[in-house]
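Here's the letter readout for the chains.
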Amino acid sequence: MIKEIFGKVKIYRLHSRVDNRGSLEYVFDKNTAYFNALETRVYSMPKEGTFFGIHYREESSPMTKFVTVIKGRGMDYVIDLRKDSSTYLQWESFELSEENALAVLIPAGFGHAFISLQNDTIQLYSVDRSGNDAYSKHINYMDSKIGLKLPVPISEISDYDLSAPFVSENSEEISEEGKRKKDIHIQLADMKYLDSCIDILQNSDLGRAYFSDHEKATNMLTYAVGQKNVYVALDENEKCLGFIYYMTNGVFGSCPYLHIVAVKEEYRSYGIGRQLMKYFEDNASDSPSAKYFLTVDDFNPRAKKLYENLGYKSVGELTDFYKNGINCYLMMKRRG
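Residues numbered from 1 in each chain as written. Predicted model: local features only at pLDDT ≥ 70, side-chain atom pairs only at ≥ 80, totals over all residues. Heavy atoms only, no water.

Engineer: Can you explain the layout of surface pockets? Please cite residues and give values.
Structural biologist: Quantified by volume, the second largest pocket comes out at close to 500 Å³. Forming the walls of the second largest pocket are 25 residues, and the residues nearest its centre are I154, S155, E156, D298 and F299. For the lining of the second largest pocket, the elements supplying multiple residues, two or more each, are α1 (159-162), α6 (301-309) and β20 (326-334). Examining the composition of the lining of the second largest pocket, we find that four residues originate from one element, α6, more than from any other. Of the residues contributing to the lining of the second largest pocket, the split by class is nine nonpolar, six polar and ten charged. (1 Å grid on protein atoms, 1.4 Å probe; cavity = no way out; pocket = protein on both sides within 12 Å on 5 of 7 lines; lining within 4 Å. Points joined across faces, edges and corners; volume = space filled by probe spheres on them. Helix = DSSP H or I, 4+ residues; strand = E, 2+ residues; numbered from the N terminus. Nonpolar A, V, L, I, M, F, W, Y, C, P; charged D, E, K, R; others polar.)

Given below as structure tokens:
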């Protein structure tokens, strides 16, 4: 063992040897003598950015996980989900690769997540009891109470992980996103909310991809607010929690187009995005047969899933549309 984190999670370096025939690595040896693998799986990830998590096991039916990478590279995450722990909801990450030959043993009470850092990564994953039962749980990787930071954008993720529940304010599990609702009112933005909108934008995936330059973000939103195309979501204290930027005749000169919807990071599990989307659909057109358009980037599968759940369908893919190397999906929804 080379390191222990949270007093329970153990990181090992696999023992190996090399001779004229090649190399040999011992996956299970004296370091893991107490771990008895019941199931061993091999996950092949063709794409960089393939994401799994956050998965965990209830302590009432404990299960230990053993994870290593036998080809390529990945970032592994361990999250402390023990409610009586002084490090509850804190996390640590470390790279697993075929070069560093590290492996991790994760007991019950800790969440686990993994993202591949290069194409054709292969992960070896073992457990000491079946993981396919009612005791296996998950938490949404976007939960702001955890604040997971990813080194690369997500390219592939399962619907199961996209729809995972969030952690509540009082550290109890809650139901799906949107059932914890924040009271807000939405109004036309003026310049006093400009700095808040810039901050929210730059701390979003969209902002990091396109508007990391503060001057560029400022110029874009100053123009949009001046054109009366931005609406802000405010709480009871008039604090800006999110905004939406749309144009009523943005597509074909007649159809509403949603340019940006962004929510303050710590309020992303309160249904504010859905409320802003509803405002857009209720106010952008009076036509009973209105068609609403938006684009969503390929690095943001969670947003795409949200739009699909709201009734939007992909009608085309735009290669290198806003920025080289980033593709967009053009999505449309018909009123009624």
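Resuming the write-up.
Engineer: How would you explain the pattern of salt bridges if you had to name every residue and give the values?
Structural biologist: Taken as a whole, this structure holds 14 salt bridges when the rule is applied. In this structure, E156 engages K47 in a salt bridge whose closest nitrogen and oxygen atoms are separated by 2.8 Å. Residue E156 is found in the loop between β13 (136-138) and α1, and its partner K47 is found in the loop between β5 (39-45) and β6 (51-57); the two are separated by 109 residues along the sequence. For E156, a relative accessible area of 34% puts it in the partly exposed group. On the accessibility criterion, K47 (42% relative accessible area) is partly exposed. A salt bridge links E95 to R73; the shortest N-O distance between them is 3.0 Å. Placement of the pair is E95 in strand β9 (residues 91-97) and R73 in strand β8 (residues 73-80), with a sequence separation of 22 residues. The partly exposed category is assigned to R73, whose relative accessible area is 28%. (Salt bridge = Lys/Arg side-chain N within 4 Å of Asp/Glu carboxyl O. Buried < 20%, exposed > 50% of the residue type's maximum accessible area, 1.4 Å probe, protein only.)

Engineer: Give me the pairing of strand β15 (residues 230-234): which residues, what numbers.
Structural biologist: With five of five residues buried, β15 lies mostly within the body of the structure. Bridging between strand β14 (residues 185-188) and β15 involves four bridges; their strand directions are antiparallel. Looking across to β15, one finds that L188 is bridged to Y231. What sits between the antiparallel neighbours β15 and strand β16 (residues 240-251) is a turn of five residues, in which E238 has the positive phi angle 65 degrees. (Pairing = 2+ DSSP bridges.)

Engineer: Could you give an account of the nonpolar core, naming the residues involved and the relevant values?
Structural biologist: Residues L201, L221, V232, F243 and I260 are the most contacted members of the largest nonpolar core, which totals 26 residues. Looking at this core, the elements that each hand over two or more residues are α2 (194-202), α3 (205-210), α4 (214-226), β15, β16, β17 (255-263) and β20. Look past the residues within four positions of I260 in its chain and what remains in contact with it is L201, L206, F211, M220, F243, I244 and Y245. (Core = buried A, V, L, I, M, F, W, Y, C linked by side-chain atoms within 4.5 Å. Contact = heavy atoms within 4.5 Å.)

Engineer: Could you give me a rundown of the pairing of strand β7 (residues 65-71), with the residues and numbers involved?
Structural biologist: Extensive coverage of β7 is indicated by the burial of five of its seven residues. Sheet analysis places β7 next to strand β10 (residues 102-106), joined by four bridges and oriented antiparallel. By the bridge assignment, F66 is partnered in β10 with L105. Of the pairings in the sheet, the one linking β7 to strand β12 (residues 121-127) comprises six bridges and is antiparallel in character. Paired with K71 across the bridge in β12 is I122.

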